[in-house]
Amino acid sequence: MRRGGERYTGLPPYMAEIEEECSVSLRQLMVNEGLIPSLEDDKKRRSVIHMLQRIVVRWIKIVAWKRRLPQHHINATNATIIPYGSYGLGVHGSESDIDALCIGPFFATITEDFFIDLPDLLKSRAEVSEVHCVKDAKVPLIRFKFDGILVDLPYAQLRVLSIPNNVDVLNPFFLRDIDETSWRSLSGVRANQCILQIVPSVELFQSLLRCVKLWAKRRGVYGNLNGFLGGVHMAILAAFVCGYNPNATLSSLVASFFSTFAYWQWPTPVVLLRDAYAATGSPPGLMPIQLPCGGRQYCNSNVTRSTYCKIMSEFHRGHHLTKGYLKHGFNWNSLFEPYPYATTYAWFVKIHLSASNEEDLSDWVGWVKSRFRSLLIKIEEVFGLCDPNPTEHLEACEKQPNIVYYWGLHLRTVNVSDIESVETDFLKNVNNSGSFQGSVGGIQLSVVQASQLPKNVECDTSNRNNKVARTCWRVRDDKQCKDKPVYSRHLPGYVVGYEKMNDRDAESTDVKC
């Protein structure tokens, strides 16, 4: 680092200024896209966490009383809430949900206490709505809305009487003799805390992660259930790049992200703490990414042959676009262009899911999506490579609530009747994979042409449950705003940011807002 916190880039002074302007431009893009939450939104989320903390403390006291613990144990016991995921890493947006882990003591079980008493307590609150218990997931959780914000709340049970509010989930003392479900629930929190301890600059890591997540959503390579990269995968990849480029600027980190993984020798695993936790044996999957919190654990991955090809193709595209980011005329917008599904593929597999009401549909879609990997593998067997677009669509003409997906096929000619065997096989998988406790909905698979797609299929519009952020590119229209562009001193026409204009200046330019 230089004096005053300026990062040393090794470039001549004028090139270093260009590099910094590129970073400023990238940060401005994040602001324009709404990726930076407002102070009011942050305050609201902190309030949600605070109120959840009070609720779980009340809950654990009730459970302790029901278990007939001595009064001094009831007084001493405690449960706590730890945010993780995008909110825990500080990269959430205004529409992001909150992932928060509830940690309770040894006497509070997940089946009898967490999934029975806590939902009842949540439902009694006026701020809470749409409470669902998702018991069949790999990480069981309670999903609900708190003051309009979607919350996913899994549970971990530790072998202690009281959980400190600032419990160190990396401390082996708290991890002794815990069950498998609690271990899986803790992995997300532990990964978050490890990452934030490892990266040289938390602020740069957060900015890089915001950028690459926006890129992944725009290009259709985000979402673990669809066989792509999930939030924890992206966080570890971003942390890896930050660790190997401790003095880099934001713009050079983005370029390094794509140059690193475009030529990564998969299945060599990505490992943040190689010296501390050396994995043994063959790493699992096509794109293994090791969790940084020990135990030689790898991120759960659903990557298939199809999605591997799509991800690598997008890594190479990103590298091709960003390798010249210091050149005249470079524009970050091209990196984040939505993937052109309708013009790329001639045929699509249409997946139509329906239920009798919105609540049943939410449960049914979640269950079916958890089996999407088996569907994707079957489609690959019958039709070859497939691009499982994660965008959710609605057929408004249908009487029943529904969600529709369109997955691109690489074939130019398709035997439409082949989808029947795929549907039969997938229905067996959905019906036989565990015990779905909700109302069984409908599943219809068909093959359609690109001309039959809805008009917004390329925009990847807002997701029903906000798990996938809005990814329809909003082009800034300077004719409809009062902000004046600020241009680079070195690259003519290169906008590095926008400056607020006062009303007099705005009127003089004849702009109507």
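Structure's up top.
Reading the values: rules and limits
- Residues numbered from 1 in each chain as written.
- Predicted model: local features only at pLDDT ≥ 70, side-chain atom pairs only at ≥ 80, totals over all residues.
- Heavy atoms only, no water.
- Pairing = 2+ DSSP bridges.
- Helix = DSSP H or I, 4+ residues; strand = E, 2+ residues; numbered from the N terminus.
- Axes fitted to C-alpha atoms, helices over the stretch in contact; angles between N-to-C directions.
- Contact = heavy atoms within 4.5 Å.
- Core = buried A, V, L, I, M, F, W, Y, C linked by side-chain atoms within 4.5 Å.
- Buried < 20%, exposed > 50% of the residue type's maximum accessible area, 1.4 Å probe, protein only.
- Salt bridge = Lys/Arg side-chain N within 4 Å of Asp/Glu carboxyl O.
- Lys, Arg positive; Asp, Glu negative; His and termini not counted.
- Phe/Tyr/Trp six-rings, centres within 6.5 Å; stacked < 30°, edge-to-face > 60°.
- Lys NZ or Arg CZ within 6 Å of the ring centre and 35° of its normal.
- Parallel < 35°, antiparallel > 145°, perpendicular 65-115°, else oblique.
- Left-handed = near helix turned anticlockwise from the far one by under 90°.

**Re the sheet that holds strand β9 (residues 442–449)**
Piece 1. Read from one edge to the other, the open sheet built from four strands follows the order β7-β8-β6-β9, with strand pairing classed as antiparallel. Single-partner strands in this sheet number two, and they are β7 (386–388) and β9. Ignoring strand direction, the axes of neighbouring strands in this sheet form an average angle of 25°.
Piece 2. Of the pairings in the sheet, the one linking strand β6 (residues 347–354) to β9 comprises eight bridges and is antiparallel in character. Bridging from a neighbouring strand, K350 pairs with S446 of β9.
Piece 3. The strands that helix α14 (residues 358–369) touches are β6, β8 (402–409) and β9; relative to β6, the one it contacts most, it runs at about 135°.

**What about the nonpolar core?**
Proteins that are soluble and globular tend to have nonpolar side chains buried together.
Piece 1. The biggest cluster of nonpolar side chains holds 63 residues, and the ones touching the most others in it are F205, L208, W215, F257, F261, F315 and W332.
Piece 2. For this core, the elements supplying multiple residues, two or more each, are α1 (13–32), α8 (180–198), α9 (202–218), α10 (231–244), α11 (250–262) and α12 (305–322).
Piece 3. When sequence neighbours within four positions are dropped, the list of residues in contact with F261 reads L237, F240, V241, W266, V270, M312 and F315.
Piece 4. Core analysis: the next-biggest nonpolar cluster, separate from the first, contains 35 residues, I49, M51, L69 and F114 among them.

**A closer look at the pattern of salt bridges**
Piece 1. Here the structure, examined in full by the defined rule, presents 16 salt bridges.
Piece 2. Here D117 ties to K66 by a salt bridge, and the two come within 3.0 Å at their closest N and O atoms. In this pair, D117 is assigned in helix α6 (residues 117–123) and K66 in helix α2 (residues 39–66), connecting sequence segments 51 residues apart.
Piece 3. Looking at K66, the relative accessible area reads 45%, which means it is partly exposed.
Piece 4. A salt bridge links E395 to K350; its shortest N-O distance comes to 2.5 Å. With E395 in the loop between β7 and β8 and K350 in strand β6, the pair connects residues that are 45 residues apart, well separated along the chain.

**Thoughts on the side chain of D117**
Piece 1. D117 gets classed as buried once you look at its relative accessible area, which sits at 14%.
Piece 2. Non-local contacts of D117, meaning those with residues more than four positions away in its chain, are made with W59, V63, K66 and E112.

**Topic: the sheet that holds strand β5 (residues 149–157)**
Piece 1. Strand order in the open sheet formed by five strands is β1-β2-β5-β4-β3, with mixed pairing between adjacent strands. Edge strands, defined here as strands with exactly one partner in the open sheet, are β1 (80–84) and β3 (128–134). Direction aside, neighbouring strands of the sheet carry axes that sit 25° apart on average.
Piece 2. In this structure, strand β2 (residues 98–104) lies alongside β5, joined through five bridges in parallel fashion. Across the sheet, the residue bridging to D99 is D152, located in β5.
Piece 3. Running at roughly 115° to β5, α8 makes contact with β1, β2 and β5 of the sheet.

**Points about the side chain of E380**
Piece 1. As for its position among the elements, E380 is in helix α15 (residues 372–383).
Piece 2. Of the side chains with opposite charge, R305 lies nearest to the buried E380, which makes no salt bridge, at 4.5 Å.
Piece 3. The residues touching E380, leaving out its near neighbours within four places in the chain, are T304, R305 and S306.

**Re the pairing of β8**
Piece 1. For β8, the tally of buried residues reaches eight of eight residues, placing the bulk of the element in the interior.
Piece 2. With eight bridges joining them, β6 and β8 adopt antiparallel strand pairing. In the sheet register, I351 faces β8, and the bridge partner there is Y405.
Piece 3. Pairing geometry for β7 and β8, over three bridges, is antiparallel. Looking across to β8, one finds that P388 is bridged to W407.

**Quick word on the packing of aromatic side chains**
The geometry of two aromatic rings is summed up by the distance between their centres and the angle between their planes.
Piece 1. One pass over the full model with this rule turns up 25 aromatic pairs.
Piece 2. With centroids separated by 5.1 Å and ring planes inclined at 80°, the aromatic side chains of F173 and F174 adopt a geometry described as edge-to-face.
Piece 3. Members of the aromatic cluster, connected to one another through ring pairs, are W215, F240, Y244, F257, F258, F261, W264, W266 and F315.
Piece 4. One cation-aromatic arrangement involves R371 over W367; the distance from NZ or CZ to the ring centre is 3.8 Å.

**Overview of unusual backbone geometry**
Piece 1. Cis peptide bonds are those with omega within 30 degrees of zero, and the linkage from W266 to P267 qualifies with 10°.
Piece 2. Counting through the fold element by element, P267 comes out in the loop between α11 and α12.
Piece 3. Despite not being glycine, E130 has its phi angle at roughly 55°, a positive value.
Piece 4. Phi angles above zero are rare outside glycine, and D147 is one such case at about 55°.
Piece 5. Following the sequence through the fold, D147 ends up in the loop between β4 (141–146) and β5.

**Topic: the packing of α9 against α10**
Piece 1. Where α9 meets α10, the axes come as close as 9 Å, and the angle between the chain directions of the two elements is 130°. In this view, α9 runs oblique relative to α10, as classed from their interaxial angle. Regarding α9 and α10, the two cross each other, and that crossing is right-handed. Counting all contacts with α9, which are made through F205, L208, L209, V212, K213, W215 and A216, the residues of α10 involved are M234, A235, A238, A239, V241 and C242.

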